Every structure is written in structure tokens, then in C-alpha cells.
Amino acid sequence: QVQLVESGGGLVQAGVSLRLSCVASRRTFRSYYMGWFRQAPGKEREFVAAIRWSGTSTHYADSVKGRFTISKDNAKNTVYLQTNSLKPEDTAVYYCASGRTLELDIGTPGAYDYWGQGTQVIVSS
């Protein structure tokens, strides 16, 4: 069992940045992916970004490409999501997830085994 704890959310104005963190309770298998998803009120949970514990390849949703950056610190069992140039439409609860997914499934919430409780991001215009 892996527990994930997110932090770093908040209420900010459009254009500023936040860095979200996700700490895993223990090291997961190197083949696991770590993903960030978000869910706005009344909407389905959507993929934001993903990274594999081993290697450096990253994946992004088109809506955040060029503004968000996912990174990891294996020694700290921590994954980060740097969110720049935030927009009101980025307002959502942001969740991190971990799973032994295939690369083609990294955008699918059901492909992940473990989830954090989420951290709220509110971007005002």
C-alpha cells in the first residue's frame, strides 16, 4: 500500500505560479508512473501530467503544455508539479496518483492504483 499526500495548493491571482508537491509513503516500483490529475466542480477528472519513477520522460495534457512542469526527487519519494501562468480555468482540486500503468494509459484515471486526497487550487481573474 502506498499513501500519497499532496500539498501546495491555494488561492492565487491569474498569472502567478504554484508548486504542488506529492509525497509517497514509500518508494514505489521503478516501473510505476506518477501522475497529476485535476477535477473542477461538475467536471470529470482530467489528466494533467505524468512522469515515470525511472527515467526522465514526461507527458502533458495539451491544455497545460508549456506552462506546467512535472518533476521528481527519487530520494525524497516526491513528485512536483510546477504550475506557471495560472489561468482561472486551471481552478480545480489537483490529485496525484501512482500506478503500474502502460504509457498508453497514463491519461486514464482508472489505470492508477493509488491516489492522494487532493489539494485545492483556485485562480481568480
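Residues numbered from 1 in each chain as written. Predicted model: local features only at pLDDT ≥ 70, side-chain atom pairs only at ≥ 80, totals over all residues. Heavy atoms only, no water.

S.K.: I tried to follow the overall build of the chain on my own but got confused; where do I start?
M.R.: Helix and strand content of the chain: zero helices and eleven strands. Starting at the N terminus and walking to the C terminus, you meet the elements of the chain as β-β-β-β-β-β-β-β-β-β-β. Its C-alpha radius of gyration of 13 Å places the chain within 12% of the 14 Å reference for a compact globule of 125 residues. Across the 125 residues of the chain, 45% fall into the buried class. For the chain, the proportion of contacts with a sequence separation of at least 24, taken over those separated by at least 6, is 58%. When the accessible area of the chain is evaluated, it comes to approximately 6,400 Å², of which 48% is carbon and sulfur surface. Counting 14 positive and 10 negative side-chain charges, the chain places the averaged centre of each group 7 Å from the other. (Helix = DSSP H or I, 4+ residues; strand = E, 2+ residues; numbered from the N terminus. Rg over C-alpha atoms; globule rule 2.2 N^0.38 Å. Buried < 20%, exposed > 50% of the residue type's maximum accessible area, 1.4 Å probe, protein only. Contact = heavy atoms within 4.5 Å. Areas by Shrake-Rupley, 256 points an atom, 1.4 Å probe, with all protein chains shown as cover. Lys, Arg positive; Asp, Glu negative; His and termini not counted. Charge placed at Lys NZ, Arg CZ, Asp CG, Glu CD.)

S.K.: Before we go on, may I ask you to explain the pairing of strand E5 (residues 46–52) in this structure?
M.R.: Strand residues, when the strand is regular, have side chains that alternate between the two faces of the sheet. Burial within E5 is extensive, with five of its seven residues counted as buried. Here six bridges tie strand E4 (residues 33–39) to E5, and the two strands are oriented antiparallel to one another. The residue bridging arginine 38 from the neighbouring strand is glutamate 46, located in E5. Following E4, the chain reverses through six residues before pairing antiparallel with E5; glycine 42 in that reversal takes a positive phi of roughly 75°. Bridge count between E5 and strand E6 (residues 58–60): three bridges; the pairing is antiparallel. Counterpart to isoleucine 51 in the pairing with E6 is threonine 58. (Pairing = 2+ DSSP bridges.)

S.K.: Can you walk me through the state of the cysteines in this structure?
M.R.: The term disulfide refers to a covalent linkage connecting the sulfur atoms of a pair of cysteines. Counting across every chain of the model gives one disulfide. Between cysteine 22 and cysteine 96 runs a disulfide, and the two sulfur atoms are separated by 2.0 Å. The S-S bond linking cysteine 22 to cysteine 96 shows a torsion near 50°; that makes this disulfide right-handed. Remark: cysteine 96 occurs in strand E9 (residues 92–99) and cysteine 22 occurs in strand E3 (residues 18–24); sequence separation between them is 74 residues. Judged on exposure class, the residue cysteine 22 and its partner cysteine 96 are both buried. (Disulfide = S-S within 2.5 Å.)

S.K.: I'm lost on the packing of aromatic side chains in this one. Help?
M.R.: Per the stated rule, a full pass over the model turns up five aromatic pairs. Ring geometry for phenylalanine 37 versus tyrosine 112: centroids 5.2 Å apart, planes at 80°, classification edge-to-face. With a gap of 75 residues between them, phenylalanine 37 in strand E4 and tyrosine 112 in the loop between E9 and strand E10 (114–115) connect regions that are remote in the sequence. Each member of the pair, phenylalanine 37 as well as tyrosine 112, is classed as buried. Here the aromatic rings of tyrosine 95 and tryptophan 115 are separated by 6.5 Å at their centres, their planes lie at 75°, and the arrangement is edge-to-face. Taken together, the positions of tyrosine 95 in strand E9 and tryptophan 115 in strand E10 put the pair 20 residues apart, joining distant regions of the chain. According to the relative accessible area criterion, tryptophan 115 is partly exposed, its value standing at 27%. Members of the aromatic cluster, joined through ring pairs, are Phe37, Phe47, Tyr95, Tyr112 and Trp115. In this structure, arginine 45 packs its charged tip against the face of tryptophan 115, placed 4.8 Å from the ring centre. (Phe/Tyr/Trp six-rings, centres within 6.5 Å; stacked < 30°, edge-to-face > 60°. Lys NZ or Arg CZ within 6 Å of the ring centre and 35° of its normal.)

Interpretation note: all reported values are geometric properties and have no functional meaning in isolation.
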